[in-house]
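Now for the letters of each chain:
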Amino acid sequence: MNQKHYLAGALRAGTGQVHYASGSSKNSQLFINLLKVLERTYRRAKTITLIADNYVIHKSRKVESWLANNKKFRVLFLPTYSPWLNPIERLWLSLHETVTRNHQCRYMWQLLNRVAQFMKAASPFSGNRHGLAKVER
């Protein structure tokens with residue numbers, strides 16, 4: 001069976017601290033779950049500004065409604081079709097090269113454990129050297 005699992009992530013500007021949420025669907029709720037992670041992590045922040053690409057789940061009615069009720073967040077959108085402007089794309093590339101491409105995991109939980117190890121090891125993420133994070137096998 002070809003199982004899927006998805007991540008939504010954020011990098012803190014300046015420090016490279018990695019935050020993420022995961023789920024079985026690539027939908028608005030996944031992005032909202034990431035926003036909730038950021039809300040818990042940065043409770044004392046007056047504002048949280050996110051720079052996001054134009055992916056549909058970042059702009060859905062559900063997300064807009066959540067943001068309307070959570071005024072602390074500001075979302076700025078990158079120009080369409082410009083992944084090179086988004087530093088987290090390098091994190092996803094590194095994750096793919098280091099963990100998910102051609103993995104030998106038999107079960108999803110094994111792969112998710114490796115992903116969690118990678119994400120922990122990758123934080124703070126420098127963004128300039130992909131594929132180098134050490135993951136225990």
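Everything quoted here is computed from the prediction, not taken from an experiment.

Draft legend 1. Quick look at the packing of helix H1 (residues 28-41) against helix H2 (residues 61-68). Close contact between H1 and H2 brings their axes to 9 Å; oriented N to C, the two are set at 25°. When the axes of H1 and H2 are compared, the pair comes out roughly parallel. As for the relative orientation of H1 and H2, their crossing is right-handed in sense. Along its contact with H1, which presents Ser28, Gln29, Phe31, Ile32, Leu35, Lys36 and Glu39, the element H2 presents Lys62, Val63, Trp66 and Leu67. Its residues assigned to classes, the contact of H1 with H2 comprises six nonpolar, two polar and three charged.

Draft legend 2. Looking closely at helix H3 (residues 88-100). Buried residues of H3: Ile88, Leu91, Ser94, Leu95, Thr98 and Val99, and no others. Taken down its axis, H3 places every buried residue within 110° of arc, on the same side. Looking at the buried side of H3, the elements it contacts are strand S1 (6-11), strand S2 (18-23) and helix H4 (108-122). Where H3 terminates, the next one or two residues include Asn102, which has phi positive at roughly 55°.

Draft legend 3. Here's a closer look at the environment of Ala116. Among the structural elements, Ala116 can be located in helix H4. Judged by its relative accessible area of 33%, Ala116 falls in the partly exposed class. Separated by 96 residues in sequence, Ala116 and Tyr20 have C-alpha atoms that sit 9.7 Å apart.

Scoring rules and cut-offs
Residues numbered from 1 in each chain as written. Predicted model: local features only at pLDDT ≥ 70, side-chain atom pairs only at ≥ 80, totals over all residues. Heavy atoms only, no water. Axes fitted to C-alpha atoms, helices over the stretch in contact; angles between N-to-C directions. Helix = DSSP H or I, 4+ residues; strand = E, 2+ residues; numbered from the N terminus. Parallel < 35°, antiparallel > 145°, perpendicular 65-115°, else oblique. Left-handed = near helix turned anticlockwise from the far one by under 90°. Contact = heavy atoms within 4.5 Å. Nonpolar A, V, L, I, M, F, W, Y, C, P; charged D, E, K, R; others polar. Buried < 20%, exposed > 50% of the residue type's maximum accessible area, 1.4 Å probe, protein only. Arc of directions from axis to C-beta.

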